[in-house]
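# Observations on chain architecture
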Amino acid sequence: MRKILCFVLISLVCVSFVSCGVKKDVKEGKVVKVALVCPLTGDIAAMGQGMKNGATLAIEEANQTLKEIKFELLALDDRADPKEAVNAANQIVSDKDVCGVVGHLNSGCSIPASAVYNRHNLVMVSPASTNPKLTQQGFTNVFRTCTTDDVQGSFAADFVYKKEIKGVAIIHDKTPYGQGLAEEFQKTFQNLRGKVLCFEGISLGDRDFKALLIKIKGLNPQIIYFGGMYQEGGLISKQAKELGLNVPLVGGDGIYTGEYIKIAGKSSEGDMATMIGSPPDKLPKAKDFIEKYKTKFPDMDMQPYDPYTYDTTNIIIEAVKNIGQDKGKIIDYIKNIKYDGIIGETRFDEKGDTLNKEITCYSVKDGKWQISE
Amino acid sequence: MIFQQLINGITLGGIYALIALGYTMVYGVLLMINFAHSEIFMAGAFFGFFLLISFSSIPFLQNNLFLQLLLAFLISMSLTGILGIIIERFAYRPLRKASRLTPLISAIGVSIFLQNLFMLVVSPQAKPFPEIFPVKNFQFGVLSVNSLQIFIITISILLMVVLNYFIKQTKLGTAIRATSSDVETAALMGINTNSVISLVFFIGAGLGGIAGILVGMYYGSIKYNMGFIYGIKAFTAAVLGGIGNIPGAMIGGYLLGVLESLGCAYISSAYKDVFAFIILILVLIIKPTGILGERVQEKC
C-alpha cells in the first residue's frame, strides 16, 4: 500500500515538473502578468466571474496583436473578504512578473489591499470599488475607472426626491461600500428636506429580514433605500412584499445585476438601481465588446462591471506596451493617460478618480433592468 | 406590531427547534455535540431543491402539489437521515471509546468536509429555491400572516408532537430513553445500543433535513454555507432549553426565535445575530443546565 502511494506521489511530482518545463518552452518572449483580484467564489461570485471574463477578453485581444510581449492573466479570488484580499495582495507583490493589478471589486477589500500595493509601488486600478475613501488615502499608485459613492448616492437621492418621494427608510449592510452609499444618500436627501425615517444596518449573509421590515412597515416609508449587494437586497425586496410593504426598493450598482431579479422574483418589479456610466449598448464602441462577450461566454449574462474591467485591463496593457515593465513609470503613465475605451473616455484627477462621472438610473420592468426616466 | 413580530419569531423558532432536536438527541445518547448537524441541515435544503426541480418535469407529479411536497419531504428526510447514520458509523463510532474531545474534532472535520463537498457539487453561488405554492397573505386586523408561515408553524409543531409521542409511548422510544440514561446498562438489559444510536442519528438528521427545506421555501434562496449560522443558533436553542432534553430543545428554539425578532425590532437590527450569542453566554453563566436541563451526573 505504502509503495503504491509513494509511486503515485513521485509520478505526480514528475508530471508537474514536466508540465512546468513545457509551459516555458511554449512561450517565447517576455511574459507580463496582469493580476485580477475579485470574488470568484462566495456570495457575490457572479459579479467576480463576470469581471474575469472582461479581463480575459482584453488579455486575449492584446495577445492576438502583439508579438514581443505575452500577457497573462493572474486571476485571484478574494471572496469579498478583506483578509483574503490582503493575502491575495501579498501573493501578487511577491510575483515579479506582475506589472499591474485590476481590482478589487469590494471597497472593503480594495482599501486594505491598496496599502500593500502602495508599499511595493505597484499600480492598482479598480474597475468597481466606489467608496470615496479608497483614493483619499494619498496613495499615488491607486486609480479607479468607476465613479464614487458620493456621486451615486446623491444622484439617487436627487432622483427619488424629484419623484415626490419624501419619506424613506434606509438599510445598509455595514460594509464600507453599503454604508458609505447609504450615508451619502441620507446626507443629500436630508439636505433636500426629505425625511429619513430610519437608518438600519444588517449583517452580510443574513437571510431573515422580516423583523426589521415589520418595524419599517410601521413607519410607512415611500421607498426603501438599500446600500449593499444583490444577495441581501433581493431577499429584502422579496420579504418586504411578502409582508405587504409594497414600496419599491432603490439601491446602487451592487444590486444592478440579473442575479438580483432571480432572487427577488416577481417582487423586484418596480425596484430601481443607480449604475455608474452610460448604458453599454448606447455607447458606440461597446457594441463590438458585447458581441465578442456573447460569442466567447454564451452561457453567462454580462455583469455590470465587465466593460469596466475590460477597459481597466486595457489601460494597464496600454501602459506596458508604451512604457515597458518599470513599475514607477507605469504609474506615471496611467496618471496622465487619456484612454478612449468602451465605457467612454477615461482620465484621472489628481487623487486617481475618473473624471467620467455619469450615472444612469434603471428599474425592473417585465423581469429585466431597463433604463428609467 | 408586537404580535406581528411574535408570529415572525415563532416561525423562525420552529425552524431553530427542529434543528435543535438533532443536537439534543445526539447529546442525549452520546454526550457529544454533533457539529456536522448544521451541514446535514444544509444538505436537506439541497436535496429538497433537486427533488422539487426534478418533480416539476415529471408529468405525473406536475399538477399534484401535495404529492410533490410530501415526496420531497419524505425522500429528503430519508436521505439526510441516512447521511446522519453514515456520519455516525464512520466518524463517531470508531471514536466512541476515545476521550470526549476526539469525536468533537471529528465532527468539525465532517462539517468542513461536507461544506466543501457541497460547494464543489452545487457551485458556491446561492440557488433560488423553487416556489412551490403561491404565498397568500391573510389579514387579521392589523396582523398579516402568510400561508408559508402557517405551513412552517404547522409542520414544525406536528413533527414535534409525533416525535414526543414516539419517544414517550413506543417501545423504540423507551429504548432510546434507556440508552440515553446509560449506554452500558441499556446494553446489558438486551438493547442493541448501536442500532438505537443509529436510529437517533436518523431521526435527528431527518428533522434537520426537513428544517432545511422549510428554510429554502421561506427565504427562497439556499447556499452551501447556510448551515453554519443556523447550526449555531439551534445549538444555542438546545443549550437554552437544556441540552439532552427534547422538550427543552423545542422551548429553547421558540424562545430564541421570539427573542431574536423582538431584539431586532426594538433594539437594533445591526446586532441581530449577536442576541443569540448573548443568550448563549448568559445561560452558560447563570444556569448552565438550561431551562429544563438537569445536572448531568459525572461518570467516574
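What you see is a predicted model; the values in this text were computed from it and never measured. (Residues numbered from 1 in each chain as written. Chains lettered and ligands numbered in written order. Predicted model: local features only at pLDDT ≥ 70, side-chain atom pairs only at ≥ 80, totals over all residues. Heavy atoms only, no water.)

### Examining the overall build of chain B
For the record, the criterion: Every helix listed is a DSSP run of H or I at least four residues long, and every strand listed is a run of E at least two residues long, numbered separately from the N terminus. For a compact globule the rule gives 2.2 Å times the number of residues to the power 0.38, and the radius of gyration it is set against comes from C-alpha atoms. A 1.4 Å probe rolled over the protein chains alone gives each residue an accessible area, and that area as a share of the maximum for its type sets the label: buried under 20%, exposed over 50%, partly exposed in between. In this analysis, two residues are considered to be in contact whenever any of their non-hydrogen atoms come within 4.5 Å of each other. Each accessible area is a Shrake-Rupley result for a 1.4 Å probe, and residues are judged covered by the shown protein chains and nothing else. None of His or the chain ends enter the tally, which takes Lys and Arg as positive and Asp and Glu as negative. Each charge is placed at NZ for Lys, CZ for Arg, CG for Asp and CD for Glu.
Within chain B, the regular secondary structure consists of 12 helices and four strands. Radius of gyration (C-alpha) of chain B: 19 Å, near the 19 Å computed for a compact globule of 300 residues. When the backbone C-alpha atoms are referred to their principal axes, chain B occupies close to 55 × 45 × 40 Å. In chain B, buried positions account for 54% of the 300 residues. Long-range contacts, defined here as pairs at least 24 residues apart, represent 75% of the contacts in chain B between residues at least 6 apart. In the form shown here, chain B has an accessible surface area of approximately 13500 Å², with 72% of it arising from carbon and sulfur atoms. Of the charged side chains in chain B, 16 are positive and 9 negative, and the gap between their average positions amounts to 4 Å.

### Looking at the packing of helix H11 (residues 246-266) of chain B against helix H12 (residues 272-286) of chain B
The geometry of a pair of packed helices is captured by two quantities: the angle between their axes and the separation between those axes. Residue and element names in this part refer to chain B. Which entries qualify depends on this criterion: A fitted line through C-alpha atoms serves as each axis, taken over the contacting stretch for helices, and the angle formed by two N-to-C directions is quoted from 0 to 180°. Under this scheme an angle from 65 to 115 degrees is roughly perpendicular, one under 35 degrees roughly parallel, and one over 145 degrees roughly antiparallel; angles in between are oblique. Take the far helix as your reference; a near helix turned counterclockwise from it by less than a right angle gives a left-handed crossing, and one turned clockwise gives a right-handed crossing. In this classification, Asp, Glu, Lys and Arg are treated as charged, Ala, Val, Leu, Ile, Met, Phe, Trp, Tyr, Cys and Pro as nonpolar, and every other residue, Gly included, as polar.
For the pair H11 and H12, the least separation of the axes is 9 Å and the interaxial angle reads 130°. Relative to H12, the element H11 is oriented oblique. Crossing handedness for the pair H11 and H12: right-handed. Residues Leu256, Leu259, Glu260, Gly263 and Cys264 of H11 pack against Lys272, Phe275, Ala276 and Ile279 of H12. Its residues placed into classes, the contact of H11 with H12 shows six nonpolar, one polar and two charged.

### Quick look at unusual backbone geometry
Residues other than glycine predominantly adopt negative phi, and peptide bonds predominantly adopt the trans conformation. Residue and element names in this part refer to chain A. The omega torsion across Gly103 and His104 is -5°, close enough to zero to call that bond cis. Looking at the secondary structure, you find His104 in the loop between strand E3 (98-103) and helix H4 (107-119). Positive phi outside glycine occurs at Glu164, with the angle close to 65°. Positionally, Glu164 belongs in the loop between helix H5 (149-162) and strand E6 (167-172).

### Quick word on the pairing of strand E2 (residues 69-77) of chain A
Inclusion rule: Strands are labelled as partners when DSSP assigns at least two bridges between them.
Sheet topology places strand E1 (residues 30-38) of chain A next to E2(A); nine bridges connect them, and they run parallel. Bridge pairing in E2(A) links A:Cys38 to A:Asp77.

### Quick look at the environment of A:Ala88
Residues and elements named next belong to chain A. Within the secondary structure, Ala88 is located in helix H3 (residues 82-93). Take Ala88: its relative accessible area is 5%, and that puts it in the buried class. As for Ala88 and Asp77, which are separated by 11 residues in sequence, their C-alpha atoms are 7.3 Å apart. Among residues more than four places away in sequence, those in contact with Ala88 are Val37 and Leu76.

### Quick notes on the packing of aromatic side chains
All names here are of chain B. For clarity, the threshold we go by: Side-chain rings of Phe, Tyr and Trp (the six-membered ring for Trp) are treated as a pair once their centres are within 6.5 Å; stacked means planes under 30 degrees apart, edge-to-face means over 60, and tilted covers the remaining angles.
Under the criterion given, the structure shown has 24 aromatic pairs over all chains. Here the aromatic rings of Phe73 and Phe151 are separated by 6.2 Å at their centres, their planes lie at 45°, and the arrangement is tilted. Of the two residues, Phe73 is situated in helix H4 (residues 65-92) and Phe151 in helix H6 (residues 147-169); the sequence distance between them amounts to 78 residues. Comparing Phe73 with Phe151 shows no difference in burial state: the two are buried.

### Comments concerning the packing of helix H1 (residues 2-30) of chain B against H11(B)
Residues and elements named next belong to chain B. Two numbers describe how H1 lies on H11: the axes approach to 6 Å, and their chain directions differ by 140°. Classified by chirality, the crossing of H11 by H1 is right-handed. Split into classes, the residues belonging to the contact of H1 with H11 amount to 18 nonpolar, nine polar and one charged.

### A short note on the sheet that holds strand E8 (residues 223-227) of chain A
Residue and element names in this part refer to chain A. Spatially, seven strands are ordered E7-E6-E8-E9-E10-E13-E14 in an open sheet, and the strand pairing comes out mixed. Of all the strands in the sheet, just strand E7 (195-201) and strand E14 (368-371) have a single pairing partner and so form its edges. Sheet twist, expressed as the mean angle between neighbouring strand axes with direction ignored, is 25°. Relative to E8, E6 is paired through five bridges, and the arrangement is parallel. If you follow Ile171 over to E8, its bridge partner there is Phe226. Relative to E7, helix H7 (residues 210-219) is tilted by about 175°, and along the sheet it contacts E6, E7 and E8.

### Things to note about the sheet that holds E3(A)
All names here are of chain A. Taken in spatial order, the five strands of this open sheet run E2-E1-E3-E4-E5, and their pairing is parallel. On the outer flanks of this sheet lie E2 and strand E5 (142-144), each paired with one strand and no other. Averaged over all pairs of adjacent strands, the angle between their axes in this sheet comes to 25°, without regard to strand direction. Relative to E5, strand E4 (residues 124-126) runs parallel, the two being bridged by three bridges. Paired with Ser126 across the bridge in E5 is Arg144. Those strands touched by helix H2 (residues 45-65) are E1 and E2, and its axis lies near 170° from that of E2. Lying over the sheet, helix H11 (residues 306-323) contacts E1, E2, E3 and E4, oriented at roughly 165° with respect to E3.

### Concerning the interface of chain A and chain B
Interface size is often expressed as the accessible area that is lost when the parts come together. Just so we agree on the cut-off: Put simply, buried area is how much 1.4 Å-probe accessible surface two parts lose in total, over both of them, once they are put together. Any Lys or Arg side-chain nitrogen located within 4 Å of an Asp or Glu carboxyl oxygen qualifies as a salt bridge.
If you look at the interface, chain A gives 29 residues, while chain B gives 29 residues. Taking both sides of the interface into account, the surface hidden between chain A and chain B amounts to around 2500 Å²; carbon and sulfur atoms contribute 48%. At the junction of chain A and chain B, the tally comes to two salt bridges. Among the salt bridges present, the one from A:Asp206 reaches B:Lys272, with a minimum N-O distance of 3.3 Å. Residues that form the side of chain A that touches chain B fall into these classes: eight nonpolar, seven polar and 14 charged.

### Side note on the side chain of A:Gln186
Residues and elements named next belong to chain A. With respect to the helices and strands, the residue Gln186 is situated in helix H6 (residues 176-191). Since its relative accessible area comes to 18%, Gln186 is described here as buried. Beyond its immediate chain neighbours, meaning those up to four positions away, Gln186 contacts Ile170, Val196 and Phe199.

### Structural notes on the state of the cysteines
Residues and elements named next belong to chain A. Using the following cut-off: Two cysteine sulfur atoms form a disulfide, by the criterion used here, when they sit within 2.5 Å.
Taken as a whole and judged by the stated rule, the model has zero disulfides over all chains. You can see Cys109 has no disulfide; the closest cysteine sulfur is in Cys38, sitting 10 Å from it. On the basis of relative accessible area, Cys109 is assigned to the buried category, the value being 0%.

### A short note on the environment of A:Tyr260
Residue and element names in this part refer to chain A. Within the secondary structure, Tyr260 sits in helix H9 (residues 258-264). Assessed through its relative accessible area of 0%, Tyr260 is described here as buried. The residues touching Tyr260, leaving out its near neighbours within four places in the chain, are Tyr230, Gly233, Gly234, Ser237, Leu249, Ile255, Ser268, Asp271 and Trp369.

Remember that the coordinates give geometry; whether it matters functionally is a separate question.
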